[in-house]
Amino acid sequence: MKIGLWALILPGLIWAVLRLPGWERGFLVQAFAFTPYVAAWTVVPAIVALATRRWTAAGLAVTAVAIMAWCVLPRALPDRDRGPADGNELTVMTINMFVGAADPAAIVKLVRDHDVAVLAVQEFSPTARMGLNNAGLDALLPHAALADEVGTTGSGLYSRYPITASHSERSGGGNMQVYATIQPPGTRTLDVVSAHPLAPYSTKVLKLWKGDLAAEPRVDILLGDFNSTLDHAPVRRLIARGYRDAADATGRGLIGTWGPYDGKPVPPVTLDHVLADKRIGVKDVRVHGVKGSDHRSVIATLVVAGGN
């Protein structure tokens, strides 16, 4: 019983000790995306240890639970400070189109139903661009800055409001990112980026993955598929530069946005984010599945103060 109990406790405890300071390395980078599931598991051996009065084991098991709760639980609780509550509402949406295979009509319906004013797309192909146009997106969001490419590297931004400047850049990992300055009525101009850092799909590309996240710009709204969760230290460092994660701020930070993948039983994890400058408030976040994509859309209603 003693050996079996320690076998239950130690993996979660080691995981917690590594997660707290952000010591993910090698294969742990991918594994850390599933930290919320491990956090839930740590409760089980803690209960067993307490119930069987194995006090040393119970102390360490409860320590693991406490560390995991500190790291994970805040994402399920709305922040007291979500930024300014007074100003003009702006609803933004991001969706990874899965090599352009996402259903354009489903995306356009979400834009229409949720009054989306700014749409960011990743894995945006020429076929996807044509499909969105045919589905009527141009009528809802007539302004665009697009860098569509065959494959998984394309990116784009659509806007209801005029785009006064735009350009696209290829990240070190190879994905395109579109930058645009948007002028909503009654507010200052907003710099917006459709973000898509490289995925840490192999230990050989971890340097590029970290580099892409470190190179993300400081803008008003940075939204897209970050290929990272809040359990990854590089994305936490990015947020610490003055951003607010919209889902985290509203208590919806544990809703999975990617997975299962390719028919495999991969538990959903939260790779897609809307990061807003802390001068921008966050009112609400919703997550919706999109037919044809392995990602879910993230729709955030933001509050932007008036003036220039």
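These figures come from a predicted structure and were not determined experimentally.

The next subject is the overall build of the protein. Helix and strand content of the protein: 10 helices and 12 strands. Overall size of the protein, expressed as C-alpha extent along the three principal axes, is 65 × 40 × 30 Å. Buried positions account for 51% of the 308 residues belonging to the protein. Expressed as a percentage of contacts within the protein between residues at least 6 apart in sequence, the contacts between residues at least 24 apart total 67%. As displayed, the protein has an accessible area near 13,600 Å², and 60% of this comes from carbon and sulfur atoms. Placing the 30 positive and 26 negative side-chain charges of the protein at their respective mean positions leaves the two points 9 Å apart.

Turning next to the pattern of salt bridges. Oppositely charged side chains may form a pair once their charged atoms are brought near each other. Inspection of the entire model under this criterion finds 13 salt bridges. Note that Arg286 and Asp284 form a salt bridge whose closest N and O atoms lie 3.0 Å from each other. Owing to a relative accessible area of 22%, Arg286 belongs among the partly exposed residues under this scheme.

This part takes up the environment of Ile239. Note on placement: Ile239 falls in helix H9 (residues 233-239). Sequence separation between Ile239 and Asn227 is 12 residues; the distance between their C-alpha atoms is 14 Å. With sequence-adjacent residues up to four places away left out, Ile239 is seen in contact with Leu230, Asp245 and Leu275.

Now for the packing of aromatic side chains. Per the stated rule, a full pass over the model turns up two aromatic pairs. Here Phe124 and Tyr158 contribute two aromatic rings whose centre-to-centre distance is 6.2 Å and whose plane-to-plane angle is 85 degrees, an arrangement assigned as edge-to-face. Taken together, the positions of Phe124 in the loop between strand E2 (118-122) and helix H6 (126-134) and Tyr158 in strand E4 (residues 155-159) put the pair 34 residues apart, joining distant regions of the chain. For the pair Phe124 and Tyr158, a shared accessibility class is recorded, and that class is buried. Over the aromatic face of Tyr243 sits the side chain of Arg218, whose NZ or CZ is 5.1 Å from the ring centroid.

A separate point is the sheet that holds strand E1 (residues 88-96). Strand order in the open sheet made by the six strands is E3-E4-E2-E1-E12-E11, with mixed pairing throughout. The open sheet has two edge strands, strand E3 (143-147) and strand E11 (281-289), and neither has a second partner. Shown here is a sheet whose adjacent strand axes are inclined to one another by a mean of 15 degrees, direction ignored. Bridging between E11 and strand E12 (residues 296-304) involves eight bridges; their strand directions are antiparallel. Across the sheet, residue Asp284 finds its bridge partner in E12, namely Thr301. Seen against the sheet, helix H5 (residues 104-113) touches E1, E2, E11 and E12 and runs at an angle of roughly 165 degrees to E1.

This brings us to H6. In an α-helix, one full turn covers 3.6 residues, which means residues spaced three or four apart are oriented alike. Listing the buried residues of H6 in full gives Ala128, Gly131 and Leu132. For H6, the arc enclosing every buried residue in end-on projection is 100 degrees, short of the 170-degree limit, so these residues lie on one face. Turned more than 90 degrees away from the buried face of H6 sit Met130 and Asn134, all of them exposed. Where H6 is buried, its residues touch H5, helix H7 (137-140) and E4. In the segment just after H6, Gly136 is the residue with positive phi, at about 100 degrees.

To continue, consider a nonpolar patch on the surface. Taken together, the side chains of Leu8, Trp41 and Val44 present a nonpolar region at the surface, about 230 Å² in accessible area. With respect to the secondary-structure elements, Leu8 resides in helix H1 (residues 2-19). The class for Leu8 is partly exposed, based on a relative accessible area of 31%.

For the rest of this paragraph, the subject is the pairing of E4. On a regular strand, one side chain projects to one face of the sheet and the next to the other, so that they alternate. In terms of burial, E4 is a largely internal element, five of the five residues being buried. Alternating residues of E4 divide into Ser155, Leu157 and Ser159 and Gly156 and Tyr158, and every residue in both groups is buried. With five bridges connecting them, E2 and E4 associate as antiparallel partners. What sits directly across from Leu119, in E4, is Tyr158.

Structurally, the position occupied by Ser297 is in strand E12. When sequence neighbours within four positions are dropped, the list of residues in contact with Ser297 reads Met93, Thr94, Ile95, Leu110, Arg286, Val287, His288 and Val290.

A rise of 1.5 Å per residue sets the reference length of helix H3 (residues 35-51), with its 17 residues, at 24 Å; its end C-alpha atoms lie 25 Å apart and thus fit the reference within 8%. Downstream of H3 by a residue or two, Arg53 has a phi angle that is positive, lying close to 60 degrees.

Spatially, E5-E6-E7-E8-E10-E9 is the arrangement adopted by the six strands of the open sheet, whose pairing is mixed. In this open sheet, the two edge strands, each paired with only one partner strand, are strand E5 (163-170) and strand E9 (243-245). Neighbour to neighbour, the strand axes of the sheet diverge by 20 degrees on average, direction disregarded. Bridging between strand E8 (residues 221-225) and strand E10 (residues 272-277) involves five bridges; their strand directions are antiparallel.

Procedures and definitions
Residues numbered from 1 in each chain as written. Predicted model: local features only at pLDDT ≥ 70, side-chain atom pairs only at ≥ 80, totals over all residues. Heavy atoms only, no water. Helix = DSSP H or I, 4+ residues; strand = E, 2+ residues; numbered from the N terminus. Buried < 20%, exposed > 50% of the residue type's maximum accessible area, 1.4 Å probe, protein only. Contact = heavy atoms within 4.5 Å. Areas by Shrake-Rupley, 256 points an atom, 1.4 Å probe, with all protein chains shown as cover. Lys, Arg positive; Asp, Glu negative; His and termini not counted. Charge placed at Lys NZ, Arg CZ, Asp CG, Glu CD. Salt bridge = Lys/Arg side-chain N within 4 Å of Asp/Glu carboxyl O. Phe/Tyr/Trp six-rings, centres within 6.5 Å; stacked < 30°, edge-to-face > 60°. Lys NZ or Arg CZ within 6 Å of the ring centre and 35° of its normal. Pairing = 2+ DSSP bridges. Axes fitted to C-alpha atoms, helices over the stretch in contact; angles between N-to-C directions. Arc of directions from axis to C-beta. Patch = residues over 30% accessible without salt bridge, like charges linked within 9 Å, V, L, I, M, F, W, Y side chains within 5 Å. Expected span 1.5 Å × (residues − 1).

These values are about where atoms sit, not about what they do.
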